[in-house]
Amino acid sequence: MQLIIFGAPGAGKGTMAQNIQKFKQFSHISTGDLFRRHIKEKTDLGKLATEYIEKGLLVPDKVTEDLIRHELDMIREDFILDGFPRNIAQAEALDEILQDFGIKLTACVHLDIDPEIVVERLVNRMSCQDCGAPYNLIIKKPKVENVCDECGGQLTRRADDNEETIRHRFTTYHEETAPLIDYYKKQGLLMTVNCNEGILTKLDQVWEELSALDK
Ligand code: ADP
Ligand code: ZN
């Protein structure tokens with residue numbers, strides 16, 4: 001099963017990608033996570049990516065596409081692409097990569113959410129720097145402030161989860177990423193999931209629909 005997940009910042013792409021794995025094991029390829037790892041390790045790609053990420057802009061297509069080609073070359077089946085593609089040019093590049101590798105997409109899952117809900121979600125979002133466990137200062141507070149319940153690690157906030165960058169990420173989403181809705185609708189691959197109530201309550205239903213497509 002080969003899936004794309006996309007949606008506005010904070011819609012729950014990462015949460016969906018992680019939790020759907022209770023039904024089936026997937027390789028989870030998140031361009032955002034890959035860039036953040038490069039930034040942490042201070043690679044050249046990390047230095048380049050920082051300049052764009054901190055402004056809420058997209059990292060240049062060529063760089064991102066090469067990264068994805070490399071990842072897919074190692075995997076090729078049962079993957080979730082989380083955060084890629086993010087504009088039409090990337091979607092076209094992905095079509096080419098998939099064709100080269102003889103891979104077919106099962107579905108493109110669009111996580112649809114009310115913008116007002118996500119801004120609040122993002123400014124309150126934290127995660128453990130050691131195990132990655134997600135927290136939310138309103139819905140899911142840690143027992144001890146800034147400390148992970150699971151492993152005792154330090155909780156941190158993503159550098160781009162501040163109000164100004166969040167605003168730019170939304171503009172980028174509407175201008176560049178939202179056109180993917182039509183792109184994948186035309187290919188007959190679009191599945192839209194309303195995420196205003198969170199993604200977890202929808203998982204069973206989403207999985208049922210995906211399984212039907214995979215037959
Ligand atoms: P969110 O969707 O919440 O903004 P992500 O972790 O998916 O979070 O992405 C964080 C940032 O990484 C984006 O704002 C963008 O700068 C960069 N990024 C992620 N995926 C891509 C991509 N496919 N193309 C270009 N830039 C990307
Ligand atoms: Zn932890």
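Overview of the structure. (Residues numbered from 1 in each chain as written. Chains lettered and ligands numbered in written order. Predicted model: local features only at pLDDT ≥ 70, side-chain atom pairs only at ≥ 80, totals over all residues. Heavy atoms only, no water.)

## Some thoughts on the coordination of the zinc ion (ligand 2)
Then comes step 1: Protein coordination at the zinc ion (ligand 2): the donors are Cys128 (SG), Cys131 (SG), Cys148 (SG) and Cys151 (SG), at 2.3 to 2.4 Å from the metal.
Then comes step 2: Metal-centred angles of 99 to 118° between the four donor atoms at the zinc ion (ligand 2) mark the site as tetrahedral.
Then comes step 3: All donors to the zinc ion (ligand 2) come from one chain, and their sequence spacing reads C-x2-C-x16-C-x2-C.
Then comes step 4: When its relative accessible area of 3% is taken as the criterion, Cys128 is described as buried. (Donors = N, O, S within 2.8 Å, 3.2 Å for Na, K, Ca; no water. Tetrahedral: all angles 85-135°; square planar, octahedral: opposite > 155°, others 65-115°. Buried < 20%, exposed > 50% of the residue type's maximum accessible area, 1.4 Å probe, protein only.)

## Concerning the sheet that holds strand β5 (residues 125–128)
Then comes step 1: Across the sheet, three strands lie side by side as β6-β5-β7; this open sheet has antiparallel pairing. Strands with a single pairing partner mark the edges of an open sheet, and in this sheet they are β6 (134–136) and β7 (155–156). (Pairing = 2+ DSSP bridges. Helix = DSSP H or I, 4+ residues; strand = E, 2+ residues; numbered from the N terminus.)

## Some points on the site of ligand 1
Then comes step 1: Taken together, 19 residues lie near ligand 1, and Lys13, Thr31, Leu57, Gly83 and Arg169 sit nearest.
Then comes step 2: At 2.9 Å, a side-chain N or O of Arg36 approaches an oxygen atom of ligand 1.
Then comes step 3: For ligand 1, an oxygen atom lies 2.6 Å from a polar atom in the backbone of Leu57.
Then comes step 4: Coverage of ligand 1 by the protein chains reaches 97% of its 550 Å² of free accessible surface.
Then comes step 5: Within the shell around ligand 1, the residues separate by chemical class into seven nonpolar, six polar and six charged. (Near = heavy atom within 4 Å. Polar contact = N/O pair within 3.5 Å; in protein donor to acceptor, adjacent residues only side chain to side chain. Areas by Shrake-Rupley, 256 points an atom, 1.4 Å probe, with all protein chains shown as cover. Nonpolar A, V, L, I, M, F, W, Y, C, P; charged D, E, K, R; others polar.)

## Here's the deal with the nonpolar core
Then comes step 1: If you look at the biggest cluster of nonpolar residues, it comprises 54 residues, and the most contacted ones within it are Met16, Ile20, Leu72, Leu94, Leu111, Tyr184 and Leu210.
Then comes step 2: Per-element accounting of this core gives the leading share, five residues, to helix α5 (residues 88–101).
Then comes step 3: With six residues, the next largest nonpolar core counts Met126, Cys128, Cys148 and Leu155 among its residues. (Core = buried A, V, L, I, M, F, W, Y, C linked by side-chain atoms within 4.5 Å.)

## Quick word on the packing of helix α6 (residues 115–123) against helix α7 (residues 163–177)
Then comes step 1: α7 packs onto α6 with a crossing angle of 140° between their chain directions and a minimal axis gap of 11 Å. Considering the angle they form, α6 stands oblique to α7. As for the relative orientation of α6 and α7, their crossing is right-handed in sense. Judged by residue contacts, Pro115, Val118, Val119, Leu122 and Val123 of α6 engage Glu163, Ile166, Arg169 and Phe170 from α7.
Then comes step 2: Of the residues contributing to the contact of α6 with α7, the split by class is seven nonpolar, no polar and two charged. (Axes fitted to C-alpha atoms, helices over the stretch in contact; angles between N-to-C directions. Parallel < 35°, antiparallel > 145°, perpendicular 65-115°, else oblique. Left-handed = near helix turned anticlockwise from the far one by under 90°. Contact = heavy atoms within 4.5 Å.)

## A word on helix α3 (residues 44–53)
Then comes step 1: When α3 is considered as a whole, its buried residues turn out to be Leu45, Gly46, Ala49 and Ile53. The buried residues of α3 all sit within an arc of 90° when viewed along its axis, so they share a single face. Of the residues in α3, the exposed ones pointing more than 90 degrees away from the buried face are Asp44 and Lys47.
Then comes step 2: For α3, the elements touching its buried residues are α2 (31–40), α4 (61–75) and α7. (Arc of directions from axis to C-beta.)

## So, the pattern of salt bridges
Then comes step 1: Under the counting rule described, the total for this entry stands at 11 salt bridges.
Then comes step 2: Here Asp204 ties to Lys22 by a salt bridge, and the two come within 4.0 Å at their closest N and O atoms. With Asp204 in helix α9 (residues 203–214) and Lys22 in the loop between α1 (13–19) and β2 (27–30), this pair connects stretches of sequence that are 182 residues apart.
Then comes step 3: In this structure Asp204 comes out as partly exposed when scored by relative accessible area, which is 49%.
Then comes step 4: Between Asp161 and Arg169 there is a salt bridge; the shortest N-O distance is 3.0 Å.
Then comes step 5: Since its relative accessible area comes to 11%, Arg169 is described here as buried.
Then comes step 6: Members of the salt-bridge network, linked through shared partners, are Arg125, Arg158, Asp160, Asp161 and Arg169. (Salt bridge = Lys/Arg side-chain N within 4 Å of Asp/Glu carboxyl O.)

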